[in-house]
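Inside the fold
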Amino acid sequence: MIKLESKVPEGNLAEKWTNHKFSMKLVNPSNKRKFEIIIVGSGLAGASAAATLGELGYKVKVFTYHDSSRRAHSIAAQGGINAAKNYQNDGDSVHRLFYDTIKGGDFRGREANTWRLAEVSNNIIDQCVAQGVPFAREYGGTLANRSFGGAQVSRTFYARGETGQQLLLGAYSSLNRQVKLGNVTLFPRREMLDLVVVDGQAKGIITRNLLSGEMERHMGQAVILASGGYSNVFFLSTNAMNSNSTAAWRAHKRGAAFANPCYTQIHPTCLPAHGDYQSKLVLMSESLRNDGRIWVSKKAGDMRAAKDIPEEERDYYLERKYPAFGNLVPRDVASRNAKYVCDEGRGVKGTRAVYLDFADAFKRVGKNAIQEKYGNLFDMYQNITGKNPYEVPMRIYPAPHYTMGGLWVDYHLMSNIPGLFVLGEANFSDHGANRLGASALMQGLADGYFIIPYTLGNYLTTEKPEKVDTDRSEFKEAEENVKESVNKILAVNGNEPVDEIHKRLGHVLIDKVGMSRSAKGLNEAIETIRGLRDEFWSNVKITGKADELNQNLERAGRVADFLELGELMAVDALNRNESCGGHFREEYQTEEGEALRDDENYSYVAAWEYKKAGEWELNKEPLQFEYVKLSTRSYK
Amino acid sequence: MSEQTLNLTLKIWRQETPSAKGYFEEFKVAISPDASILEVLDILNNDLEKEGKRPVAFESDCREGICGTCGIVINGHPHGPIPKQATCQLHMRNFQDGETIYLEPFRAKAFPIIKDLIIDRSAFDKIQQAGAFISFNAGSAPDANEIPIPKEVASLALDAAECIGCGACVATCKNSSAMLFVGAKVSQFALLPQGQPERYQRVQEMVAVMDEAGFGSCTNTYACEAECPKGISVTNIARMNRDYLVSKMTTKS
């Protein structure tokens, strides 16, 4: 059993973080340079943490498998970033952002973490503007906002459809300043393959140099993982080709609990899949739902073109079922409903796709205004599909996009391994069972700019982790462990390319551990995944050698981990006999087909402890809600 | 989606190591017009892996045209023949059945080839580390609405900031100049009020590192703007040149 202490401070919810910042211990400015800190990942969470810790004077080492830290997948986030600025005077507040987030997560997040996220949201916008992030502006020169799913206020800040790019380049610019000042050292083209634990504390990592294949040992008095989510377990997702769970998974195998792995988000507005050669799914920002109306034909198997289906034969199903939120219901609700209408055969021309139609918006504000707001998204749609969305409605379908689950962390963002911190999408903490739009960027930057700088200092002063030599047996053992696993993969020498096994894993997961799950399907999925894992280790075909640039080998290592994680997702989904947020169990729904939570029995975080391949022990962190009343989410 | 299949001949640059001699290797593929050029390489690699042959090394990540990782010279054009697209956004419907397609790495002295189509663009990071930032520490920022910024100014700054750092401008330039890339970075900060305090020092430091890295000079052919997947304007080069001149006249060093 793992002892899960959330370490949520006492006191009034609104004052917890302020009071706690004062009660945490500080590191003397001249002592900070004596601490070496490892950060894995250079997306919003990793880059912002590295820049800020560098500013404080720590000696920071940043590892990324990209050629440049600027390319992490945060860069592809389109729509925006939330903050409770209330610049629109429309009733927003920290309290409202907190409430929307905890409700949007279907009351499966940790209250105090979510409040803190809302609380620091405003500082993030200030920080980014000071960095020179060119957010959208009104003619008077003030910042512009738009609205997003799951909220009835306009609190999303944006930079065209490229908000993630601009925020990441902002964090990257601050990071570059620290590189120049000598506080941060970058290690590009390195993949973390193991965590080194010395006397119970995280003290380093083993990386593979992706150019030479060389294994390297790196020491840090704390290790911060900001390595992103695991949507690529599905093979087809909106994540980048290289996004993977390996850093987090290897830490899990060294003892870090993995929390709520079944909480995955299937994003409603993506381009539908076509062809089995397809390498990834492309997301269209959900901000499109502000102006686009989602509909399908009322008839199953309707083969008419959109323009030939008269208004009265169209079913604007979200507006019909959820009149209060309409097309702006949270992502899980929008996705599940798209699945249902397609299951009924009412998808576009019988396919798995629904229309996202801008005809009314063109009439209301004109094509130019829509182009101004979403021009690059419309261009992207046309480029990929060959169809002009100014002429015909877009076709969309849900796709795996974000994972709310991740490594378990306490209020300090520290895992159950002392000295191992986890930030951003890689942790589980702030979004419960479903994340609202424009909140991922907020969380990544909150963790990096405004939380870890405090909590890390507290760890370093209270635990006083010593520097250790990388000649120690623990480093040697970890390096041997990694070399052995690489050699084991190369030694299989079977017949099946790694992508083919990965695709089959993805099919099982999207089918049985996707938008809608059942005990029967989950049990089948577990069996299938175990079989695939055996098949991988007996029949995978990897070309090339260990000591060279070998992308085939890189992918194989990641897929080996996905084959274990995929099983845990199914195990977790099977354990959770309720429906909440992105986790929908067919056995547990209301008469109207909405998610039916079981607060009495499942109001807990499921933190899984690794025992051996295919075997985990469940640890529970009870969720206590002192300030919100648990209610059934209603967007009607 | 189209049912048609395109039969194509690919001539791909193969180079095992940075110092090895490179050559074109020919492959025949049959592919859907809805596939992207990188998906063609995925399929080809899958087949090569099955046969135990060395797959083609190439890089990509987001496959949405924003991370700037991919970058291949396709039939002589960085990112291919269609304007304002990254390599990953190039779909095969833009080619004819029976066509031969040449795929090569971006070539420039400052971008050494690592393997096949993979190049080393770390020089771009070094230039940005020299000064592409505003010096202030987290936590010290004033309220975001304290400094109003005219919509047009913010929009111009964003036009420059959209650069994805792919290096197509360098690859297409006969001088291998990085002026469009550096100009875009300099401009983003030079246009915004927050960037003013370090404006002239920044341009000097970035240009110095750019020159050291072995990029050539600009001779105003504007191929960079034409090939840029984000359509970054050459006016950014003019702005950088102007700032550089002013900086030389007004600052010491």
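Since we're looking at a predicted model, the values are computed, not measured.

1. A closer look at the sheet that holds strand E14 (residues 354–357) of chain A
Residue and element names in this part refer to chain A. Read across the sheet, 5 strands follow the order E11-E15-E14-E12-E13 without closing on themselves; strand pairing throughout is antiparallel. Of all strands in the sheet, those with a lone pairing partner are strand E11 (264–270) and strand E13 (314–315), marking the two edges. Strand direction decides the pairing type here: E14 and strand E15 (residues 394–403), joined by 3 bridges, are antiparallel. Bridge pairing in E15 places Val354 opposite Ile396.

2. Structural notes on the packing of aromatic side chains
Both the distance between ring centres and the angle between the ring planes are used here to describe each pair of aromatic rings. All names here are of chain A. This model, assessed by the stated rule, comprises 30 aromatic pairs over all chains. When the centroid spacing of 4.7 Å and the interplanar angle of 35 degrees are considered together, the rings of Phe378 and Tyr390 count as tilted. Of this pair, Phe378 sits in helix H11 (residues 367–385) while Tyr390 is found in the loop between H11 and E15, placing the two residues 12 residues apart along the sequence. Taking relative accessible area as the criterion, Phe378 reaches 0% and is therefore assigned buried. Centroid distance Phe421 to Tyr459: 5.8 Å. Interplanar angle 75 degrees. Geometry classified as edge-to-face. Here the residue Phe421 occupies a position in strand E17 (residues 420–422), and Tyr459 occupies one in helix H12 (residues 440–463), the gap between them amounting to 38 residues. A single burial state applies to Phe421 and to Tyr459, both of which are buried. Here a set of aromatic residues connected by ring pairs shows up, and it is made of Tyr230, Trp249, Phe258, Tyr610 and Trp616. Stacked on the ring of Tyr454, the Lys or Arg Lys21 has its end atom at 5.3 Å from the ring centre. When the ring centre of Tyr402 is taken as origin, the NZ or CZ atom of Arg435, which lies over that ring, is 4.0 Å away.

3. A short note on the pairing of strand E12 (residues 293–297) of chain A
Residue and element names in this part refer to chain A. Where burial is concerned, most of E12 is hidden: 4 out of the 5 residues are buried. Of the strand pairs in this sheet, E12 and E13 are connected by 2 bridges, and their pairing is antiparallel. For Val296, the partnering residue across the bridge sits in E13 and is Asp315.

4. Re the confidence of the model for chain B
Averaged over chain B, the pLDDT score is 96; the fraction of residues at 70 or greater is 98%. Interface confidence for the predicted complex, expressed as ipTM, amounts to 0.98; the pTM equals 0.96.

5. A short note on unusual backbone geometry
Residue A:Arg160 is not a glycine yet carries a positive backbone phi of 45 degrees. For A:Arg160, the position within the fold is in the loop between strand E4 (156–157) and helix H6 (163–181). Its identity as a non-glycine residue notwithstanding, B:Asn220 has a phi of 55 degrees, on the positive side. Looking at the element boundaries, B:Asn220 is found in the loop between helix H6 (199–212) and helix H7 (223–227).

6. Here's the deal with the interface of chain B and chain A
Each partner contributes residues to the interface: chain B has 76 residues there, and chain A has 77 residues. Interface of chain B and chain A: buried area, both sides summed, is about 6,200 Å²; carbon and sulfur atoms make up 48% of it. Broken down residue by residue, the surface that chain B buries against chain A is led by B:Asp61, B:Glu64 and B:Lys151, which jointly contribute 11%. Ionic pairing is found between A:Arg160 and B:Glu162, a salt bridge with its closest N-O pair at 3.0 Å. Seen at the junction of chain B and chain A, the total is 50 residue pairs in polar contact (both at pLDDT 80 or more). Counting residues per element, the ones that place at least two in the side of chain B that touches chain A are helix H1 (37–50), strand E6 (113–115), strand E7 (118–119), helix H2 (122–131), helix H3 (151–161) and helix H5 (179–191) of chain B. The biggest single contributor to the side of chain B that touches chain A is H3(B), with 8 residues.

7. A look at the domain arrangement of chain B
Residues and elements named next belong to chain B. Parsing chain B into structural domains produces domain 1 (6–104) and domain 2 (121–134 + 144–250). Across the contact, 14 residues belong to domain 1 and 12 residues belong to domain 2. For the domain 1 and domain 2 pair, buried surface summed over both sides reaches about 910 Å², with 52% attributable to carbon and sulfur atoms. Contact with domain 2 buries surface across domain 1, with Gly68, Pro78 and Lys84 losing the most and accounting together for 46% of the total.

8. Observations concerning the environment of A:Ala72
Residue and element names in this part refer to chain A. If you trace the backbone, Ala72 turns up in the loop between strand E2 (59–63) and strand E3 (81–82). Given the relative accessible area of 7%, Ala72 is considered buried. Measuring from C-alpha to C-alpha, the distance between Ala72 and Pro268 comes to 23 Å, with 196 residues separating the pair along the chain. Setting aside residues up to four positions removed in sequence, Ala72 forms contacts with Ser42, Gly43, His66 and Leu168.

9. Here's the deal with the environment of A:Arg189
Residue placement: A:Arg189 occurs in the loop between strand E5 (184–187) and strand E6 (190–198). As a C-alpha pair, A:Arg189 and A:Leu210 span 21 residues in sequence and 5.4 Å in three-dimensional space. The contacts of A:Arg189, once residues within four sequence positions are left out, are A:Thr64, A:Tyr65, A:His66, A:Asp67, A:Arg208, A:Asn209, A:Leu210, A:Leu211, B:Glu59, B:Ile114, B:Ile118 and B:Ile119. A polar contact of 2.7 Å, which involves the side chain of A:Arg189, links it to the side chain of B:Glu59.

10. Here's the deal with the side chain of B:Thr69
Along the chain, the position of B:Thr69 falls in the loop between H1 and strand E3 (72–74). When sequence neighbours within four positions are dropped, the list of residues in contact with B:Thr69 reads A:Arg71, B:Glu59, B:Ser60, B:Asp61 and B:Arg121.

11. A few points about the nonpolar core
In this structure, A:Ile37, A:Ile81, A:Phe135, A:Phe536, B:Met92 and B:Phe215 are the most contacted members of the largest nonpolar core, which totals 228 residues. Per-element accounting of this core gives the leading share, 12 residues, to helix H16 (residues 551–575) of chain A. Looking at this core, you find at least three residues from each of domain 1 (6–104) and domain 2 (121–134 + 144–250) of chain B. In contact with A:Phe536, other than residues within four places in its own chain, are A:Ile489, A:Val492, A:Val498, A:Ile501, A:Ala556, A:Val559, A:Ala560 and A:Leu563.

12. Overview of the sheet that holds strand E8 (residues 215–219) of chain A
Residue and element names in this part refer to chain A. Spatially, 3 strands are ordered E6-E7-E8 in an open sheet, and the strand pairing comes out antiparallel. Both edges of this open sheet fall to E6 and E8, since each of them pairs with a single strand only. The mean angle between the axes of side-by-side strands here comes to 25 degrees, regardless of whether they run parallel or antiparallel. In this sheet, E8 lies alongside strand E7 (residues 201–209) in antiparallel orientation, the contact comprising 5 bridges. Bridged to Ile205 within E8 is His218.

About the thresholds
Residues numbered from 1 in each chain as written. Chains lettered and ligands numbered in written order. Predicted model: local features only at pLDDT ≥ 70, side-chain atom pairs only at ≥ 80, totals over all residues. Heavy atoms only, no water. Pairing = 2+ DSSP bridges. Helix = DSSP H or I, 4+ residues; strand = E, 2+ residues; numbered from the N terminus. Phe/Tyr/Trp six-rings, centres within 6.5 Å; stacked < 30°, edge-to-face > 60°. Buried < 20%, exposed > 50% of the residue type's maximum accessible area, 1.4 Å probe, protein only. Lys NZ or Arg CZ within 6 Å of the ring centre and 35° of its normal. pLDDT = per-residue confidence, 0-100. Contact = heavy atoms within 4.5 Å. Buried area = accessible area lost by both parts, 1.4 Å probe. Salt bridge = Lys/Arg side-chain N within 4 Å of Asp/Glu carboxyl O. Polar contact = N/O pair within 3.5 Å; in protein donor to acceptor, adjacent residues only side chain to side chain. Domains from an automatic or database assignment. Core = buried A, V, L, I, M, F, W, Y, C linked by side-chain atoms within 4.5 Å. Axes fitted to C-alpha atoms, helices over the stretch in contact; angles between N-to-C directions.

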